[in-house]
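Each chain, written out:
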Amino acid sequence: MPVLKEVPAEAQVISHRLMLRSGMIRQQASGVYSWLPFGLRALQNIIKVITRNMSKVGSLEMLMPCIQPASLWLESGRFENYGKEMLKFQDRHDNTLLFGPTNEDMITDVFRHNIQSYKDLPKNLYHIQWKFRDEIRPRFGVMRAREFLMKDAYSFDIDQAGAHKSYNQMYLAYLQTFHDMGLHVIPVVADSGVIGGDLSHEFHILAEHGESTIFYDKRFLHLSASKSLNMEEVGSLYAVAEEKHDFNNGNFLEDEIASSKSIEIGHIFYIGTKYSKAMKAVVNDSNGNLVPVEMCSYGIGISRLVAAIIEANHDEKGIIWPSSVAPFTVSILNLNMSDDKCNELSKILYDQLLASDVSVLYDDTEERAGSKFATHDLIGSPYQLIIGSKKGASDIVEVKNRKTGKIEELDINLVMKLFL
Ligand code: ATP
Ligand code: MG
Ligand code: MG
Ligand code: MG
């Protein structure tokens, strides 16, 4: 964990600065990053929250390659009009390949070779794979990268009614997923862009340095303060992406609507039959007729989420991880490595936390206390267990809550109760 004390000059937004300072990433080329151990843990925890919620709605995980043959995109008709964001290249036999920016074409190919009957529908499949888009202006670290990790899911239904049901189910699953990451998400009506189709929602969080702008009912600000989601209320309030906003065309008063900079963290599309028609992904319906399958696609920007979560959860000292995605739940700060008692108490807690499956980082460096405090406020574990010579002598551990800053003194025997 190569922690930096100084603020990196190249980073313009807070999440990028904090990710560099806490040793999460290293840029290897414009918009292309290595994930260092600390950063990778955040990424993996976000993946856990996503996969848990995908399983709950019966979406099945698979894995498609990051390299795709151009032939599939020629078949769907997207090859020429996708534009310069697509990275194309030739192999030694002169076949044109591309680094996938998204996977509708390929999943349609997988589907048509495996499913022929309405009896196998509905079906919902997802994968988590690196994407490449040759963004004109990669910036803000992993927020707008060229190589980035996406969870993309695809649903298949026999008819429009079924597809709408699948779409709504994923819409709710997305609200739950982002809620589970401690984010206050606003789902907005959006444009379908190059994916195609006529129904689409984006999921945004408000952020000062966001690259998007959304318009939304001010009641969202109160909604987001509550602990549980009120799905009906969320769905009934006005919220739209900038390009869809129209003051003259909504059921609201102008002063009830706010506009803010925001970050797009997810996007769902009702596609319909654009790909299934072009690529002949047809199934037998219950009358024995061959019909093109109805599709939706659903993306979440996993690597962007790491930055987005930090944008939404930090203070002047550093990151404040929501517990569900924190790389470590607990940091143990042994303030005096030459004190046997401090070492003993630290080791006891470290072993107990490990045994209870609580993720823990033990700072057993020789750094002085002030430096350890700064480092652990920077890397933002929800809890710090501070063990010094004076209080340690009478078995007292200081427990600091990173979010509130409150410190509680506890007998070592009572510490584990906090985490069980
Ligand atoms: P943006 O408007 O930010 O360019 P997009 O609308 O082009 O994103 P989608 O095609 O909807 O992106 O992809 C699904 C998700 O992938 C997005 O909601 C976002 O979270 C993520 N994503 C898209 N582009 C990038 C990128 N360059 N870097 C990191 N994440 C990205
Ligand atoms: Mg884009
Ligand atoms: Mg977008
Ligand atoms: Mg989008």
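Everything here concerns the structure above.
Everything numeric here is computed off the predicted structure, so don't read it as measured data. (Residues numbered from 1 in each chain as written. Chains lettered and ligands numbered in written order. Predicted model: local features only at pLDDT ≥ 70, side-chain atom pairs only at ≥ 80, totals over all residues. Heavy atoms only, no water.)

Trainee: Got a sec to walk through the overall build of the chain? Specific residues and values, please.
Mentor: Helices and strands together make up the secondary structure of the chain, namely 13 helices and 23 strands. Its C-alpha atoms give the chain a radius of gyration of 24 Å, within 12% of the compact-globule value 22 Å for 420 residues. Taken over the C-alpha atoms alone, the chain extends approximately 80 × 60 × 45 Å along its principal axes. Taking all 420 residues of the chain together, the buried fraction comes to 52%. Here the analysis covers contacts within the chain between residues at least 6 apart in sequence; of these, 70% occur between residues at least 24 apart. (Helix = DSSP H or I, 4+ residues; strand = E, 2+ residues; numbered from the N terminus. Rg over C-alpha atoms; globule rule 2.2 N^0.38 Å. Buried < 20%, exposed > 50% of the residue type's maximum accessible area, 1.4 Å probe, protein only. Contact = heavy atoms within 4.5 Å.)

Trainee: Residue-level account of the site of ligand 1, with values.
Mentor: Around ligand 1, a shell composed of 14 residues is seen, among which Glu-135, Arg-144, Ala-145, Glu-264 and Arg-304 lie nearest. In the environment of ligand 1, a nitrogen atom lies 2.8 Å from a nitrogen or oxygen atom belonging to the side chain of Glu-135. Secondary-structure elements contributing two or more residues to the shell around ligand 1 are β8 (147–157) and β13 (257–272). (Near = heavy atom within 4 Å. Polar contact = N/O pair within 3.5 Å; in protein donor to acceptor, adjacent residues only side chain to side chain.)

Trainee: Give a description of the sheet that holds strand β21 (residues 383–387) that names residues and reports values.
Mentor: Pairing within the open sheet is mixed, and its 5 strands lie in the order β20-β19-β21-β22-β23. Single-partner strands in this sheet number two, and they are β20 (360–363) and β23 (407–411). Across the sheet, the mean angle from the axis of one strand to that of its neighbour is 25 degrees, orientation sign disregarded. Strand direction decides the pairing type here: strand β22 (residues 396–401) and β23, joined by 5 bridges, are antiparallel. Bridging across to β23, Lys-400 finds its partner in Ile-407. (Pairing = 2+ DSSP bridges. Axes fitted to C-alpha atoms, helices over the stretch in contact; angles between N-to-C directions.)

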